[in-house]
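# What the coordinates show
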Amino acid sequence: MAVPVLLLAVAAVESLCIAPSSDIALCDAGLELSASVIRPGWVMTVADGRVARAKASLLNMENGVADVDFRILPVTQEPVEVQQLVLRGVFKCEGYAGGRYEVDGTRASLPRTLEKGHLFRGEVSRFAVRDISGRLRFCLDFSKPVTLLLQDERHWRRDEFEFRVVFGEQFKMRQGTEYGCRFKVSSALPIALAPTPPPMQADANWIPLADDTLSVRPDSALDFSGFRPTFGKAGELGRVIATNGHFAFERDASKPVRFFGVNVCSEAAALSEDRSEAFVCMLARRGYNAVRFHHQDAALTTRAWDGTLDPVRMRRFDALVKALVDHGIWFTLDFQVTRRMSWRACGIDRPGLIDKYDAKRLIVIDERVFGNYVSFVKGFLTHVNPLTGRDYAHEPALFGVSLVNELDPGKITAEQERRFVLRMKSLLKDLGCSALVTDLNLGRKFGDDMQKVRQECLDYADTHVYVRHPKFATADKRGGLRQDASNPLMDRIPRLMPDAGQRLDGKPSVITEWNWPAPSPWRAASGLVTGSAAAHDGWDGLWRFAWSHSGEGASGVKPLGCFDIAGDPVNRLADYATAALFARGDGDTSRIDRTNGAWRVVSSRTCAVATTKGTFAAGVLSGSLDSPGAVWISSLDGLALRESKRMVLFHLTDARMTGQAYADVFGSLLTEWGQRPVLVRRGVASLSLALGNSAWTVTALGIDGSRVQGVPCSVQNGRLSFVADTAGVPGRATMAYEIGRK
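In this numbering scheme, every chain counts its residues from 1 along its sequence in written order. Side-chain atom pairs in this predicted model are given and counted only at pLDDT of 80 or more, local residue features only at pLDDT of at least 70, and totals for whole chains, interfaces and linings cover all residues. Only hydrogens and water are set aside when side-chain values are computed; all heavy atoms of the structure are taken into account.

## Section: the packing of helix 1 (residues 273-285) against helix 3 (residues 311-326)
Put simply, the rule reads: Interaxial angles span 0 to 180 degrees and are taken between N-to-C directions of axes, which are lines fitted to C-alpha atoms, for helices over the stretch in contact. Secondary structure elements are defined from DSSP: runs of H or I of at least 4 residues count as helices, runs of E of at least 2 residues count as strands, and each element is numbered from the N terminus. Orientation labels follow simple angle bins: below 35 degrees gives roughly parallel, above 145 gives roughly antiparallel, 65 to 115 gives roughly perpendicular, and whatever is left gives oblique. Definitions for this section: a left-handed crossing has its near helix turned counterclockwise from the far helix by less than a right angle. A right-handed crossing has that turn clockwise. The contact definition used throughout considers only heavy atoms, calling two residues in contact when any of these lie within 4.5 Å.
Two numbers describe how helix 1 lies on helix 3: the axes approach to 9 Å, and their chain directions differ by 25°. One way to sum up the angle between helix 1 and helix 3 is to call them roughly parallel. Seen along the crossing, helix 1 lies across helix 3 with a hand that is right-handed. Residues Glu273, Ser276, Glu277, Phe279 and Val280 of helix 1 form the contact with helix 3, whose participating residues are Arg315, Arg316, Ala319, Leu320, Ala323 and Leu324.

## Digging into helix 8 (residues 526-537)
Short version of the rule: Given a helix with a known number of residues, its expected span is that number minus one, times 1.5 Å. Partly exposed describes any residue whose relative accessible area lies between the buried limit of under 20% and the exposed limit of over 50%, with all areas from a 1.4 Å probe on protein chains only and scaled to the type maximum.
Along its 12 residues, helix 8 runs 16 Å from first to last C-alpha, staying within 8% of the 16 Å computed at 1.5 Å per residue. Taken residue by residue, helix 8 has Ser526, Gly527, Leu528, Val529, Thr530, Gly531, Ser532, Ala533, Ala534 and Ala535 as its buried positions.

## Focus: unusual backbone geometry
Cis geometry marks the peptide bond from Ala518 to Pro519; its omega dihedral reads 10°. As for its placement among the helices and strands, Pro519 is situated in the loop between strand 30 (509-515) and helix 8. Here the residue pair Arg676 and Pro677 is connected by a cis peptide bond, since its omega of 10° sits within 30 degrees of zero. Mapped onto the elements of the fold, Pro677 is located in strand 42 (residues 675-681). The phi torsion at Trp42 lies on the positive side, around 60°, for a residue other than glycine. Along the polypeptide, Trp42 turns up in the loop between strand 4 (31-39) and strand 5 (43-46). For Asn717, which is not a glycine, the phi torsion comes out positive at approximately 55°. Mapped onto the elements of the fold, Asn717 is located in the loop between strand 46 (714-716) and strand 47 (719-725).

## Considering the pattern of salt bridges
Rules: Whenever a carboxyl oxygen of Asp or Glu lies within 4 Å of a side-chain nitrogen of Lys or Arg, that contact is scored as a salt bridge.
For the structure on display, the rule yields 48 salt bridges. Two residues, Glu102 and Arg130, come together in a salt bridge whose shortest N-O distance is 2.8 Å. On the criterion of sequence distance, the pair formed by Glu102 in strand 9 (residues 100-103) and Arg130 in strand 11 (residues 118-130) is long-range, its members being 28 residues apart. Here Glu102 and Arg130 have matching classes, each one buried. Its salt-bridge partner being Arg164, residue Glu162 comes within 2.5 Å of it at the nearest N-O pair. Of the residues examined, Arg164 reaches a relative accessible area of 9% and is grouped as buried. Here the salt bridges do not stand alone but share partners, grouping Arg88, Lys92, Glu153, Arg158, Glu160, Glu162 and Arg164 into one network.

Here you go:
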């Protein structure tokens, strides 16, 4: 059952939601309210039940005005130091910059452009905001005067205005005390009750993906094995080395190498032996030449909690590695991710297991925990794979290792990190392991001392980046999944790629975790944006997080979730754009149009666009979209598009599960994932391709690359025209087309 939600609507024009997490949203006005606990150092967290929880209640509804009581209730037994305890409201600059706000009858402007960060602070009883047309969008009348702070967040690189109703400052928050206020919400139109948005069901706008599968037909238009930068079996050209700021093979050091792959996590790293070959063959056909094993440290060890390798699981892992080597796929891994250690296995007389997050820090600073870590690393690297005849220390396909995944640099000193890295590099050398070494991949900013250690001690830089990372609305995970559902390409300063400070001078740089996680409705753009940006900026490796966390997702389609693309046909197909733009190197130029929320790529072999809707042009590709989506065309024979005889075109929109449910019309609070089949949002792209006056065929493809049916097309003045409609083939959603020159 979907989590119930209180939903208020304004005469079919405005709607106010009070969600199970007690977040409040005036939906069409774009106002979102939530409780925030700001800790010392101005660290802001939501009141999600860890240190405090929020409670919003509708007390009354009269004459189109909602009477709301809002409370923040501390939940920890010990007092908590708080910088500010607030009800935080945010609304985007678009539509409001140039409007005005009112406090107790006094009016002032919301600046069109950034002037200063702090706009107002004072005691108020009434706060109202009007948009650029002068229309009242929302008004809060407080039962008692409150301290209100209004800020222009563009000063801090966020394209929004923010106000805070401050319940307390610089104090200790104590359990048993409630903090909050009562206020009436009104707008230009009356507020009235409305139903919860219904769960997703198949209809004319949401088409079942009847043929969803992970397999790829060999030699089909979706077989991208020829796009992979690979050179026979992994290791045939020797070890991977770092030279001239990039990766290369030791026997061909003049040619830079890029890695493009996915994360294979947890149980998927211990896939049953009979499925390894088919799984790896499928990865190769999708254009991947690399894999990152993740959480494998926990999956491959016994429950003795001492780091002993499980022989059955290692046999499965060995078979998977052998298949990777044979198909020219390299791999990397982190020695410590989520493997649990008992205190006693570390020589510490204490019952139970070390917290998996504390273990990362203790490995660096506690000699006893470090000893257990070293024992595990030695055991893994000296394990001989009977199918290759080599131990993992001497496996050339293992090109790089990260010492500890997402170790927080703020919890250790630079000198502790330096000592740790140098000790581990010495250990690897003693074992005969030539794999390149990295660490500190959390994606946080580094101080000068830590950056110096990275530059001097690491062989390459590794980092992680997520666009619209979802979070549980409450600590017990029962309040739904919160995610910003707005278009990230319209952010004032889009955070699409890691900051330059994550890289190292003169050394390779990789992103071993990146994603635009589901259920974001904008993830169709993920592959073309990330692939072209990474190619343009000279990154050396990209690994989507993740293919699957289970064996189920290695051999069959799994349910849709946030990260695993084995269950997400949109992100799965989006990686074909990354294969062309990054792995093959087509991403010559790209340009963002923030005003229209668009991204364009123009190159000789791939042209692409992601946009909200309307007309577009990107090289040989032009046309119009009736709804948000991504469209791109790539040559399959390596020739320029104007010369190519065989091409593939993708048209991606959004995909959701049957029964998927949201608490709000924003689509920002998911309450139920639903079940299969996946539903693809209908989208129509009217396309015109400047490919010349040849005779052409256009064929709709199944998700495995199989040819389904021909699509009507015409040629006039050197332009091929046809309509790509996700509902164009009866009974199934269509997202890819093969284009052939007769």
